[in-house]
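Breakdown of the fold
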Amino acid sequence: MSLSSKKRPGTSVDATLQRLEQQHRALLREIDDIGLVLRGTIGARRMRCGKPTCRCKADPPLLHGPYYLWTRKVAGKTVTVRLTAEQAARCQQWTRNMRRLDRLVKKLQGLGLRAANAVARSA
Ligand SMILES: [Zn+2]
């Protein structure tokens, strides 16, 4: 086996980094399409009230609502905000955007990890 048939380590790392950089750029373009982002979840809940003779205590119960709630953590505590159906629909799209952004950021971090490993392994 001749020496010239061996890949030079430096060249191989550069090629890997170039490929990772391209994937990184593609992910950034996807992020560019994402609209407003919002942490938390939007949920609809039906509830019972305090009135003992209310229809929500009947059998079968007719619960109140739905009530739309935006729930999120603030400094470790759950914070809940009541929303109208229209507000909930709007905010729900933003929470979907948040999850998409989180997924893309995870992918970016994965590329960075592969790049660092490629550099660390290179001579
Ligand atoms: Zn009730």
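Predicted, not measured: the structure shown is a model, and the values here were computed from it.

Focus on the overall build of the chain
Across its full length, the chain holds two helices and three strands. In sequence order, the chain lays out its α and β elements as α-β-β-β-α. For the chain, whose C-alpha radius of gyration is 26 Å, the value lies well above the compact-globule estimate of 14 Å for 123 residues. Overall, the chain is about 90 × 30 × 25 Å in size when its C-alpha atoms are taken along their principal axes. Looking at the 123 residues of the chain, the share that counts as buried comes to 2%.

Quick word on the sheet that holds strand 3 (residues 77-83)
The three strands lie next to each other as 1-2-3, forming an open sheet whose pairing is antiparallel. Because the sheet does not close on itself, it has two edges, and the strands there are strand 1 (41-47) and strand 3. Ignoring strand direction, the axes of neighbouring strands in this sheet form an average angle of 40 degrees. Bridge count between strand 2 (residues 64-74) and strand 3: seven bridges; the pairing is antiparallel. Bridge pairing in strand 3 links lysine 73 to threonine 78. Packing of helix 2 (residues 85-121) onto the sheet brings it into contact with strand 1, strand 2 and strand 3, and relative to strand 1 it is tilted by some 145 degrees.

Some words on the pairing of strand 3
Counting buried positions along strand 3 gives zero out of seven residues, so the element sits mostly on the surface. Linking two consecutive strands that pair antiparallel, namely strand 2 and strand 3, is a turn of two residues; a positive phi of about 50 degrees is found at alanine 75 within it.

A short note on the environment of valine 81
Tracing the backbone shows valine 81 in strand 3. Taking the C-alpha atoms as reference points, valine 81 and isoleucine 42, separated by 39 residues in sequence, lie 9.5 Å from one another.

About the thresholds
- Residues numbered from 1 in each chain as written.
- Predicted model: local features only at pLDDT ≥ 70, side-chain atom pairs only at ≥ 80, totals over all residues.
- Helix = DSSP H or I, 4+ residues; strand = E, 2+ residues; numbered from the N terminus.
- Rg over C-alpha atoms; globule rule 2.2 N^0.38 Å.
- Buried ≥ 20, exposed ≤ 12 C-beta atoms within 10 Å, placed from the backbone.
- Pairing = 2+ DSSP bridges.
- Axes fitted to C-alpha atoms, helices over the stretch in contact; angles between N-to-C directions.
- Contact = placed C-beta atoms within 7 Å.

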